[in-house]
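# Structure at a glance
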Amino acid sequence: ESDTVLSAFADGVLTLTLNRPDKLNAFNEEMHLVLRAGFERAHADASVRAVLLTGAGRGFCAGQDLGDRDPRKGGAPPDLGRTIELFYNPLIRLIRILEKPVICAVNGVAAGAGANIALACDITLAARSARFIQAFAKIGLVPDSGGTWSLPRLLGEARAKALALTAEPLDAETAASWGLIWKAVDDAALLDEAKALATKLAAGPTKGLGMTKRAIQAAATNSLDEQLELERDLQREAGRSTDYAEGVAAFLEKRKPEFRGQ
Ligand code: T3D
């Protein structure tokens, strides 16, 4: 069992903590495999009703471990398309297709793929001291892990291009005011606040929340008509869920609902 990603389960929340703090939680292959296994568990295990992703130490994630890419060691240039195909792309897809909320607590610097993984999560909070850096431009690469997709969607082309072309750090407060993330919170409060949010969502109507996530994501490529039809279909499904019946009954009985995620 590798400790490159710590995994903890409580109150329906699977907490995954990137844990290579000496490298600001940069990704090596092992960390990729363990993180992926965590998200696969979240898919397969019905008792997991929300995921919280964060990092150990002073950084959230510095992207690819560049120690594994040292050109001075000689040999042919690495095939970066292969690692994108094998590791980063599947991770982003797993986060996006998981029909459960994924909360990200960006505890410190998020650079390169580390920044874009944070942006792929459903609700991203960041410590006030955290920074988002599209570091790729500094080493001749292109933003990956969905960055060229999420940045223009979240920020518009002007800000997306400026961040990606300059690799200038963006502080958490500005990221929140620009709509890149949900909010910036005091460093000392970040984990508690993210945990409270994840726990609250994990106690929610998971099926309905999952379909809500799917619908909002589908809007990126759907016409209004397609989206209206999708809403109709999803509402039909949600209307058949036990949690919907419980939600309405609880409202009428003036009590708190007890959702089971079904
Ligand atoms: O390769 C492929 O498969 C393609 C996929 C690419 C995806 C990508 O993510 S490419 C982008 C890779 N990431 C970067 O370019 C970021 C590199 N890191 C930095 O620019 C800086 O470390 C930060 C801005 C993130 C933080 O700066 P600072 O001053 O707070 O910390 P530091 O001193 O630079 O880093 C602390 C330690 O972490 C340091 O180690 P040391 O000197 O104490 O032994 C540093 O070398 C290490 N570290 C930080 N980032 C990485 C790293 N080691 C390996 N790889 C890293 N990405």
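- For the chain, the name recorded in an unreviewed UniProt entry is Acyl-CoA hydratase, with Rhizobium mesoamericanum STM3625 as its organism.

## Section: unusual backbone geometry
- Of note, the phi angle at N25 is positive, near 60°, even though the residue is not glycine.
- Its place among the elements puts N25 in the loop between strand 2 (13-18) and helix 1 (29-44).
- Positive phi outside glycine occurs at K254, with the angle close to 50°.
- Mapped onto the elements, K254 comes out in the segment after helix 10 (242-252).

## Re the sheet that holds strand 3 (residues 50-55)
- Across the sheet, which stays open at both edges, the 6 strands sit in the order 1-2-3-5-7-10 with mixed pairing between neighbours. The open sheet is flanked by strand 1 (5-10) and strand 10 (183-185), the only strands paired with a single partner. Pairs of neighbouring strands in the sheet enclose a mean axial angle of 20°, with direction left out of account.
- Taken strand by strand, helix 7 (residues 190-202) contacts strand 2, strand 3, strand 5 (102-106), strand 7 (123-127) and strand 10, and its axis lies near 165° from that of strand 3.

## Here's the deal with the domain arrangement of the chain
- What the domain assignment lists for the chain is domain 1 (5-202) and domain 2 (206-252).
- Taking the mean C-alpha position of each, domain 1 and domain 2 sit 27 Å from one another.
- Each partner contributes to the interface: domain 1 provides 8 residues, whereas domain 2 provides 8 residues.

## What about the confidence of the model for the chain?
- Of the residues in the chain, 100% have a pLDDT of 70 or more, and the chain-wide mean is 97.
- Here the prediction assigns the complex a pTM of 0.98, and the interface score ipTM is 0.99.

## Some points on the site of the ligand
- Neighbouring the ligand are 24 residues; A62, G63, T83, G112 and A113 lie closest to it.
- Counting residues per element, the ones that place at least two in the shell around the ligand are helix 2 (80-97) and strand 6 (109-111).
- Among the elements that line the shell around the ligand, the one with the most residues is helix 2, at 3 residues.
- Counted by class, the shell around the ligand contains 14 nonpolar, 5 polar and 5 charged residues.

## A word on the nonpolar core
- Core analysis: the largest hydrophobic core is formed by 65 residues, its most contacted members being V51, L52, I103, V106, A110, A118 and A126.
- If one sorts the elements of this core by residue count, helix 3 (residues 113-120) sits on top with 6 residues.
- What A110 contacts, discounting residues up to four positions off in sequence, is F60, C61, A115, A118, A130 and F132.

The rules behind these values
- Residues numbered from 1 in each chain as written.
- Predicted model: local features only at pLDDT ≥ 70, side-chain atom pairs only at ≥ 80, totals over all residues.
- Helix = DSSP H or I, 4+ residues; strand = E, 2+ residues; numbered from the N terminus.
- Pairing = 2+ DSSP bridges.
- Axes fitted to C-alpha atoms, helices over the stretch in contact; angles between N-to-C directions.
- Contact = placed C-beta atoms within 7 Å.
- Domains from an automatic or database assignment.
- pLDDT = per-residue confidence, 0-100.
- Near = placed C-beta within 6 Å.
- Nonpolar A, V, L, I, M, F, W, Y, C, P; charged D, E, K, R; others polar.
- Core = buried A, V, L, I, M, F, W, Y, C linked by C-beta atoms within 7 Å.
- Buried ≥ 20, exposed ≤ 12 C-beta atoms within 10 Å, placed from the backbone.

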